[in-house]
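As a plain string of letters, each chain reads:
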Amino acid sequence: MYGKKKWYIKMLIIIALLLGALFPAFPILWMFLNSFKPNPEIFAWPPTWISKAFSIRPYLAILQSPEKLRFFFNSYLISFFVVALTLVISILAAYAFSRFEFPGKGILNTMIISVQAVPPITLLIPYLGLVVTLRLYNTYGALILTYLLFTLPYAILMMTAYMNTLPQELDEAVMIDGGSRIKALWYVLVPTSVPGLVSVGMYTFMRAWNEYLFALTLTKTNDMRTVPVGISLLMGQHAYEWNQMLAMSVMGSFPVLILFLFFQKYFIAGMTAGSVKH
Amino acid sequence: MLSIRKGMVVLVVLAVLFSMSGTGFAQNVSLEFQQWWGVELPEGELRDIADGYTEETGIEIELLSNPYADTRDQISAGAATGTMADVVGLDGSWVYDFAVQGSIADLSELMEADGYDDSQLSDQIRVNGDTYMIPVANFAYPMFVNLDLLEEAGITELPETRSEFIAAAEAVTEKTGAYGWIIPLSTSTPSGIQNNFMGWLWASGGSMLENGRPNLVGNDKLIETVEFQKELFDKNLVSPGVYAMTESDMVEEFANGRVAFMIDSLAHLTTLRRGETDLNMAMMKVPTMDGYNGESGIGVANWGIGVASNTEHKAESMDFIEYLMSPEVNSRIAVAANAFPGNVNAEPEYKGADPLFLDAFEIYKDSYAINEFTGLPTSEQLMRDFAENLQLYLEGDYDSADEMLAVIEDEWEKAFE
Amino acid sequence: MKKIFNSFNKNGHKIEKTPYLYLSPTLILMAVLLIIPIFMILRYSFFDNVIINKNPVFVGFQNYINVLTDPDFIVAAKNTLFFVSVSVIAHLVIGLFFAMLLNTDYLGEKTKGIFRVIYALPWMFTASVIAILWKMMLNPHGIINYLLQVGNLASTNIAWLSSRSFALMAVTLINIWAGYPFYMISILAGLQGISGDLYEAAAIDGATPVKQFFYITLPQLKPILISLLTLDFVWTIQQFALIWLTTGGGPINATETFSTYIYKQAFSRYQYSQASASAGIVLFICTILAIFYARQQKART
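Residues numbered from 1 in each chain as written. Chains lettered and ligands numbered in written order. Predicted model: local features only at pLDDT ≥ 70, side-chain atom pairs only at ≥ 80, totals over all residues. Heavy atoms only, no water.

Per an unreviewed UniProt entry, chain B goes by Carbohydrate ABC transporter substrate-binding protein (CUT1 family) and derives from Halanaerobium saccharolyticum.

Our working definition: UniProt positions are given in the numbering used here, feature names are shortened, and annotations may be inferred rather than shown by experiment.
As named in an unreviewed UniProt entry, chain A is Carbohydrate ABC transporter membrane protein 2 (CUT1 family), taken from Halanaerobium saccharolyticum. Entered under Sequence similarities (unreviewed entry) in the UniProt record, the comment concerning chain A runs "Belongs to the binding-protein-dependent transport system permease family." Annotation of chain A in UniProt includes, under Subcellular location (unreviewed entry), the sentence "Cell membrane".

### Things to note about the interface of chain A and chain C
Accessible area lost upon the coming together of the parts serves often as the stated size of an interface. As a reminder, the rule being used: Contacts are residue-level and defined by heavy atoms, with any inter-residue pair within 4.5 Å sufficient. Once two parts are brought into contact, the accessible area they lose, counted with a 1.4 Å probe and summed over both, makes up the buried area. Salt bridge, as used here: a side-chain nitrogen of Lys or Arg that lies within 4 Å of a carboxyl oxygen of Asp or Glu. Two N or O atoms form a polar contact when they lie within 3.5 Å of each other; inside protein one atom must be a possible hydrogen donor and the other a possible acceptor, and for residues adjacent in sequence the pair counts only when both atoms belong to side chains. Counting from the N terminus, the helices are the DSSP runs of H or I reaching at least four residues and the strands are the DSSP runs of E reaching at least two. All amino acids are sorted into three groups, where Ala, Val, Leu, Ile, Met, Phe, Trp, Tyr, Cys and Pro are nonpolar, Asp, Glu, Lys and Arg are charged, and the leftover types, Gly among them, are polar.
Contact with chain A, which involves 107 residues of that partner, is made by 107 residues of chain C. Summing the contributions of chain A and of chain C, the shared interface buries around 10300 Å²; its carbon and sulfur component is 78%. Across the contact surface, chain A and chain C share zero salt bridges. The interface formed by chain A and chain C contains eight residue pairs in polar contact (both at pLDDT 80 or more). If you tally residues by element for the side of chain A that touches chain C, the top one is helix α1 (residues 7-34) of chain A, at 18 residues. Here the side of chain A that touches chain C is built from residues that sort into 81 nonpolar, 17 polar and nine charged.

### Considering the side chain of Asn195 of chain B
Residue and element names in this part refer to chain B. Rules: Type-normalised accessible area, obtained with a 1.4 Å probe on protein chains alone, sets the label of each residue: buried when under 20%, exposed when over 50%, and partly exposed for intermediate values.
Here Asn195 shows up in helix α9 (residues 192-203). For Asn195, a relative accessible area of 5% gives the class buried. In terms of polar contacts, Asn195 uses its side chain to reach the side chain of Tyr141, at 3.1 Å. Separated by 3.3 Å, the side chains of Asn195 and Glu247 make a polar contact. Among residues more than four places away in sequence, those in contact with Asn195 are Tyr141, Glu247, Ile263 and Ala301.

### Description of the pattern of salt bridges
Residue and element names in this part refer to chain B. Per the counting criterion, the structure on display carries 22 salt bridges over all chains. Measuring nitrogen to oxygen at the nearest pair gives 2.7 Å for the salt bridge that ties Glu413 to Arg213. Within this pair, whereas Glu413 is found in helix α17 (residues 401-416), its partner Arg213 is found in strand β9 (residues 213-214), the two being separated by 200 residues in sequence.

### Examining the sheet that holds strand β7 (residues 179-181) of chain B
Residue and element names in this part refer to chain B. Applicable threshold: Should DSSP find at least two bridges between two strands, the strands are taken to pair. Note on definitions: angles span 0 to 180 degrees between N-to-C directions of axes, and those axes are lines fitted to C-alpha atoms, for helices only across the stretch in contact.
The four strands are arranged β7-β10-β6-β11 in an open sheet whose pairing can be described as mixed. With one partner strand each, in any of the chains shown, β7 and β11 (281-284) form the two edges of the open sheet. In this sheet, adjacent strand axes meet at a mean angle of 20° when their direction is disregarded. Strand contacts of α9: β6 (143-146), β7 and β10 (259-263), with the helix running at about 85° to β10, the strand carrying the most contacts.

### Considerations on the packing of aromatic side chains
Rule in force here: Stacked, tilted and edge-to-face pairs are distinguished by plane angle, under 30 degrees for stacked and over 60 for edge-to-face with tilted covering the rest, among Phe, Tyr and Trp rings (Trp via its six-membered ring) whose centres lie within 6.5 Å. For a Lys NZ or an Arg CZ to count as sitting over a ring, it must be within 6 Å of the ring centre and within 35 degrees of the ring normal.
Here the structure, examined in full by the defined rule, presents 72 aromatic pairs over all chains. With 5.1 Å between their ring centres and 50° between their planes, Tyr53 of chain B and Tyr323 of chain B make a pair best called tilted. Taken together, the positions of Tyr53 of chain B in helix α3 (residues 45-57) and Tyr323 of chain B in helix α13 (residues 314-325) put the pair 270 residues apart, joining distant regions of the chain. Tyr323 of chain B matches Tyr53 of chain B in its accessibility class, with the two residues each being buried. Considering the side-chain rings of Phe267 of chain C and Tyr272 of chain C, the 6.1 Å spacing of their centres and the 85° angle between planes classify their relative orientation as edge-to-face. Both residues of the pair, Phe267 of chain C and Tyr272 of chain C, belong to the buried class. Among the aromatic side chains, those forming a connected cluster through ring pairs are Phe33, Trp36, Trp37, Tyr53, Tyr68, Trp94, Phe98, Phe139, Trp303, Phe320 and Tyr323 of chain B. Over the ring of Trp235 of chain C we find Arg207 of chain A, and its NZ or CZ is 5.0 Å from the ring centre.

### A closer look at the interface of chain A and chain B
Residue-level contacts link 47 residues of chain A with 49 residues of chain B. It is Pro40, Gln237 and His238 of chain A in chain A that bury the most area against chain B; as a group they hold 18% of the surface buried on that side. A salt bridge links Glu32 of chain B to Lys220 of chain A; the shortest N-O distance between them is 2.4 Å. Of all the secondary structure elements, the ones that give two or more residues to the side of chain A that touches chain B are α3 (66-99), α5 (120-133), α6 (140-165), α8 (181-192) and α10 (213-217) of chain A. Among the elements that make up the side of chain A that touches chain B, the one with the highest residue count is α3 of chain A (seven residues). Of the residues that constitute the side of chain A that touches chain B, the class distribution is 31 nonpolar, 12 polar and four charged.

### Observations regarding the side chain of Asn330 of chain B
Along the chain, Asn330 of chain B turns up in helix α14 (residues 327-337). Of the residues examined, Asn330 of chain B reaches a relative accessible area of 0% and is grouped as buried.

### Things to note about the UniProt feature "transmembrane region" (unreviewed entry) in chain A
Residue and element names in this part refer to chain A. Taking the numbering used here, the UniProt-annotated feature "transmembrane region" (unreviewed entry) corresponds to residues 12-33, 76-95, 107-128, 140-163, 184-206 and 242-263. The span residues 12-33 shows a helical share of 100% and a strand share of 0%, and its end C-alpha atoms are spaced 30 Å apart. Secondary structure across residues 242-263 comprises 100% helix and 0% strand; the distance between its end C-alpha atoms is 32 Å.

### As for the packing of α6 of chain A against helix α10 (residues 209-237) of chain C
This is how the line gets drawn: For classification purposes, angles smaller than 35 degrees are called roughly parallel, those larger than 145 roughly antiparallel, those between 65 and 115 roughly perpendicular, and all remaining angles oblique. In this scheme the handedness of a crossing depends on how the near helix is turned from the far one: anticlockwise by less than a right angle means left-handed, clockwise means right-handed.
It is at 9 Å that the axes of α6 of chain A and α10 of chain C come closest, and there the two elements cross at 165°. Accordingly, the angle class assigned to the pair α6 of chain A and α10 of chain C is roughly antiparallel. Both α6 of chain A and α10 of chain C take part in a crossing whose hand is right-handed. Facing Pro153, Tyr154, Leu157, Met158 and Ala161 of chain A of α6 of chain A, the residues of α10 of chain C in contact are Pro223, Ile224, Ser227, Leu228, Leu231 and Trp235 of chain C. For the contact of α6 of chain A with α10 of chain C, the class distribution of residues is 10 nonpolar, one polar and no charged.

### A look at the UniProt feature "domain: ABC transmembrane type-1" (unreviewed entry) in chain A
The sites that carry the UniProt feature "domain: ABC transmembrane type-1" (unreviewed entry) are, in the present numbering, residues 72-263 of chain A. Between the C-alpha atoms that bound residues 72-263 of chain A the distance is 21 Å, and the span itself is 78% helix and 0% strand.

### Brief notes about a negative patch on the surface
Residues and elements named next belong to chain B. In plain terms, the rule: Patch building starts from residues that exceed 30% relative accessible area and form no salt bridge, then joins like charges within 9 Å and nonpolar side chains (Val, Leu, Ile, Met, Phe, Trp, Tyr) within 5 Å. Only the protein chains shown count as cover for residues, and the accessible areas themselves come from Shrake-Rupley with a 1.4 Å probe. His residues and chain termini do not enter the charge count, which takes Lys and Arg as positive and Asp and Glu as negative. Throughout, a charge is located at the NZ atom of Lys, the CZ atom of Arg, the CG atom of Asp or the CD atom of Glu.
Side chains of Glu157, Glu160, Glu164, Asp220, Glu224, Glu227 and Asp290 sit close together on the surface and give a patch of like negative charge. If you tally residues by element for the negative patch, the top one is helix α10 (residues 220-234), at three residues. Inspection of the secondary structure puts Glu160 in the loop between α7 (147-152) and α8 (162-175). The class for Glu160 is exposed, based on a relative accessible area of 60%.

### Topic: the pairing of β10 of chain B
Residues and elements named next belong to chain B. For β10, the buried fraction is high: five of the five residues fall into the buried class. As paired strands, β6 and β10 are joined by three bridges and run antiparallel to one another. By the bridge assignment, Val145 is partnered in β10 with Phe261. Relative to β10, β7 runs parallel, the two sharing two bridges.

### Quick word on the layout of surface pockets
To keep it simple, the criterion reads: The distinction between a cavity and a pocket rests on a 1 Å grid over the protein atoms alone: a 1.4 Å probe fits inside a cavity but cannot get out, while a pocket stays open yet meets protein on both sides within 12 Å along at least five of seven lines, and a residue with an atom within 4 Å of a point counts as lining. Grid points are joined across faces, edges and corners, and a volume is the space filled by probe spheres set on the points. An automatic or database domain assignment supplies the residue ranges for each domain.
A volume near 1100 Å³ is recorded for the second largest pocket. At the level of elements, α5 (95-100), α16 (379-394) and α17 of chain B together with α4 (71-102) and α12 (258-268) of chain C are the ones that each hand at least two residues to the lining of the second largest pocket. Considering each element in turn, the lining of the second largest pocket owes the most residues, seven residues, to α16 of chain B. Looking at side-chain class alone, the lining of the second largest pocket contains 12 nonpolar, 10 polar and 12 charged residues. If you count residues domain by domain, the lining of the second largest pocket takes at least three from each of domain 1 (29-138 + 301-359) and domain 2 (143-284 + 377-416) of chain B.

### Considerations on the pairing of strand β12 (residues 297-307) of chain B
Residues and elements named next belong to chain B. The buried fraction of β12 amounts to 11 of the 11 residues, a majority that puts the element mostly inside the structure. Side-chain alternation along β12 places Gly297, Gly299, Ala301, Trp303, Ile305 and Val307 on one buried face and Ile298, Val300, Asn302, Gly304 and Gly306 on a second face that is also buried. Relative to β12, strand β3 (residues 87-90) is paired through four bridges, and the arrangement is antiparallel. Each bridged residue has a counterpart across the sheet, and for Gly89 the counterpart in β12 is Ile305. Bridging between strand β5 (residues 130-140) and β12 involves six bridges; their strand directions are antiparallel. Opposite Ala137, over in β12, you have Trp303 as the bridge partner. For β12 and strand β14 (residues 368-370), the ladder comprises three bridges, and the chain directions are parallel. Counterpart to Gly297 in the pairing with β14 is Tyr368.

Spelled out as structure tokens, the structure:
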């Protein structure tokens, strides 16, 4: 669409992409290389790239510990439910914001953003008190509901913005044919919003996967804890298990990478609003 | 697409049900013991020790581990919301605040009720005369030396005074690629002030308090200690990056042979011995002020223990503490943690221990154990105030050490009001 | 279904109750789990010695006055302003740039797919790991100093995080690194929603790619960009873990921000009232921003 595909433009873009990729990829590469080193060597000067004492022991240490594997299980479970619930709740809310004018809309819009402005650190004590009162302390439910609070504002804003880019005529067509609003939403708006849903879903997953403060505060037993807490448990009072921490982070990112690779296809240009009306 | 949507509906219903179910509270007669020690000890050791108690009494012990850095905040939050564990691991720097806030129970009362002989305890941390924390294990902070670096620098004798130390540090910095001295001054975990800075003052018999209140301005030994550190910095003998450095960062610098001397917890000995390192190390006393011949203090940190004030099982909690403090169990903890026991009657078998550990034990016995920050109000904040102003002084923002100490004393006084 | 819920207003205009029904899950969640604790914090901010004292005293705006006249808070405000504005702008520019690169038609889907994953990498790690990783790299004896020296760009080992002049920049850089993928992915999603017809029409009119970017892409993305900027501002202003775990607000107070200030007040000095008042101030700032956002939303629809 940008005119003829010229080879030198292609080369320029690839070079730019490769150079640009250093910024995100180099630190991760460094983390990856370090996860195979013995602890002291991680701080060696001059730094070593590939350790002579290269070892997969840090990875084995994690894989052989049922307690640590449980952290992964918990993180998956919680993230999964948070994604499912966030998507459904935010689609409904975004539909309201995008397709209706109603009293209080401005106030609600303001509120959804500003309620997140209270630093979580200050929320910690009253929030924990509330969770205890609701009998949710040390449950998955506490974390799932908490993460919904974090993810919904972005999800709603994004989905609203996204639905706003989809023409009203789309859903009106369904309703003229005798369909209900729910039908219009479910059969037309949701399928056309897939790229938006995927990005919101990715974001939600990351947010739930990576959260630390509440994961620690709202749980007390190790069988309820998540990967970020597990990583912090490797930071001792006196010394850190650097390589295991890094190995655990690398391991934690693999499934996310795979998910991401899988959902790639939804970013393909062409799944746009325009192409769906037949 | 339809089937995916149906699947999604099912998932949502499941998610809602799941959120509501939860695990709830366990109501059986068991004690919760929240600490960070389990992570520090060899795997399974603390579990084993706790199981020993269950065998004796039938009371179950549930171990709750927290990352050390977050333990204090978690206790604060737990105390405010009633979710605090029955028995909690404590650091000496938290005791005052938790005691004053009413989060931890008066142990004097509990010991008395039990008829417990407290003369067997190496120390008790008191607030307003009542005991709130009992140290279970004591970690000494001697000076670690990298002998290879000293040899390379042509130093044959370990420094005993500050001027000898400066000379040694200068030789190392000049003749090797390494630095002489390192001190972690991070303000996120400002414990470097108590463990690494004040160690110098205490070694020369100094004190930062008088009658339990701050005594900084005009305190000659302290002034001299501050100026001594400044000299090390001004002569560029200190490893770079110390303002953001924590204790664990410091150890990695030492482990990589980039620094000749550090004051550090004995607990680190295992860290330094791990894996493929072949550091040629020695232990020594922290050098004293020139001309000082008196007794030397050695900094200690401890794993303390206390009881939540809102626990329903105070007597059982105290009983469990007595178990941990009994000579046999206490020895076992000490050996496993590379620490010295909290029970004076404990006779830990350090036989198979690292020779350096035994050297340090000699130094420890030869000195008096001290940590003046233990049991002070907002202790960590006091260290942070000191660290921030010390950084300013080292950067040259203050004209004199006394000027800096006056500012810190002002800050500290507020906490003591 | 339709008839039960639909009611018409005076002008015979659209439905009234339906939007509230759609919003109800969100509203219930927020009302119970967020509004209540926030209300409690705002209440704390008007009392003295809350939480640690059973009978706090009402002191009116005293806590707010204390905080606003605290020189440390003023320093924190300055640092926060720098941290937030540089982070947010850099996030937007880098995120938009990478998203445009990754959306190009010049490359195959496979190539783009690989690059998308690489560019999203920083997103996959929790804040404490990011902090530790960067602390390792920015260590005076870390890989960054090594590469700078190998490349003859530096002659000494720079202590990035413990230098008064570099620390704030270093922390901001870490935050930029950690946060841009969020923009990139959101913008990528937004780009898919722009109809290709617009570009084709523009191409027929002979518009250059640069012109297309400014006259089609940016305006089309505007609603998404505004949402992103608003949210990012709110999140960055309270970024805690990255700063706390790398510098702890130091050296001295070079990287002290609202969040580290509040943390110290609450958990180091046990001044929950002052911490609550500081949180109230942050809430106030963000609410103003949110009002602008809502206005903007209204004006557009």
